[in-house]
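Now for the letters of each chain:
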Amino acid sequence: MHFAETNIFLLMDVMSATLAYSLLLINMIIILFNVRFLDDLIVHMVEDWKERDVSNECTMNRMAYISRWFSNLIIGSHAMSVMFYAIGTLLRNESSNQTDSRELILKMELPFKIESTSVYFTIIVTQFVHQVSTASLVAVLYCLLLTLVLHVCGQIDIMRQKLSEITRKDIEQNVNKSIAKMLIVRHQKIISFSENIEALFSSIALVQFVTNTLVLCSLGFVIVISIGVPGGTPMLVKSVFFYILINVEAFVFCFLGEYLTTKSKMIGDAAYEALWYELNPIQSRDTLFIIVRSQKYLTLTIGKVANLSLKQFTSIIKASASYMSVLHAMY
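Summarised in this report is the structure supplied together with it. Because the structure is predicted, anything quoted here is derived from the model rather than measured.

Glancing now at empty space enclosed by the protein. Applying the stated criterion to the full structure yields five cavities of 30 Å³ or more. Here the largest cavity defines a volume of roughly 310 Å³. Along the wall of the largest cavity there are 18 residues; nearest its centre are Ala20, Val82, Ala135, Val138 and Phe242. Those elements that provide at least two residues to the lining of the largest cavity are helix 1 (8-33), helix 3 (54-93), helix 4 (117-164) and helix 7 (233-273). Here the lining of the largest cavity gets five residues from one element, more than from any other, and that element is helix 4. Grouping the amino acids of the lining of the largest cavity by side-chain chemistry returns twelve nonpolar, five polar and one charged.

What follows is about the packing of helix 2 (residues 35-50) against helix 4. It is at 12 Å that the axes of helix 2 and helix 4 come closest, and there the two elements cross at 45 degrees. By the criterion of interaxial angle, the relationship of helix 2 to helix 4 is oblique. The two elements helix 2 and helix 4 meet at a crossing, and its hand is left-handed. Packed against helix 2, whose contacting residues are Leu38, Leu41, Met45, Asp48 and Trp49, the element helix 4 presents Leu144, Thr147, Leu148, His151 and Gln155 at the interface. A breakdown of the residues in the contact of helix 2 with helix 4 according to their chemical character gives six nonpolar, three polar and one charged.

Parameters at a glance
- Residues numbered from 1 in each chain as written.
- Predicted model: local features only at pLDDT ≥ 70, side-chain atom pairs only at ≥ 80, totals over all residues.
- Heavy atoms only, no water.
- 1 Å grid on protein atoms, 1.4 Å probe; cavity = no way out; pocket = protein on both sides within 12 Å on 5 of 7 lines; lining within 4 Å.
- Points joined across faces, edges and corners; volume = space filled by probe spheres on them.
- Helix = DSSP H or I, 4+ residues; strand = E, 2+ residues; numbered from the N terminus.
- Nonpolar A, V, L, I, M, F, W, Y, C, P; charged D, E, K, R; others polar.
- Axes fitted to C-alpha atoms, helices over the stretch in contact; angles between N-to-C directions.
- Parallel < 35°, antiparallel > 145°, perpendicular 65-115°, else oblique.
- Left-handed = near helix turned anticlockwise from the far one by under 90°.
- Contact = heavy atoms within 4.5 Å.

Next up, the structure:
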């Protein structure tokens, strides 16, 4: 009804929220169709916690603590973004005395007229609660990815620790055969776990990559236009924190992909630094399998097209800035 170039500023303001909601809907549909991978991931995590020993518990608890801390931070930042978004709308309404001309937090077509302050207040509160719930759900998806990646990275650290603990005493007692077998099994579990993460989040990352570029473009345009103009402060309050949050979301996705790849490279280094040269040919061959397999790095991809990395994050920022400059020239 309102998609037109007559008011690009209003269109970009509404487009950012629309794309954010659409992204959540698409992500939930993707997870629904790939729920079997999520089930496998949860089963593997439960097994890892059940099979942990005293030496593993410290690393796993540390990763769990980091996951919880960052999860609280992500959920809190999303709720804070909604709060600033609502405050910006309310600040714009301060100068308006007409109830029917007041803006809502989310612009929408209602089947009735807002003729009283109580009705307006009820709608505002309902929209705010709805936005907080939706933003929290978006945050939970990021927390899920964060927790899964940190868990598999913790398993990689445990494997590296086991490799470094192989001593000449173990070799002399010929117990290294069972240790090598255990390490190969653990490595296969790590690979299987990371492949399930990739299968679950690959399509989500593709949608995220495209949508975040457009949202950053829209919000950046709104912020640039609002700077230094009368009445622009409410729009800045409404958009700046949202803009920062979208950047953080894109950074988290790309950083986790980079972090997983970096950690997977360390497996081969740890295997090479072990005392493989003291082993007999059969045992050293087992270690060689680990080294060769670890050369194929574990990665998270953007729809099987490109790897998630910090380089891709810079691509998102560059693309959104280019589109924003085009819109600014049109405006």
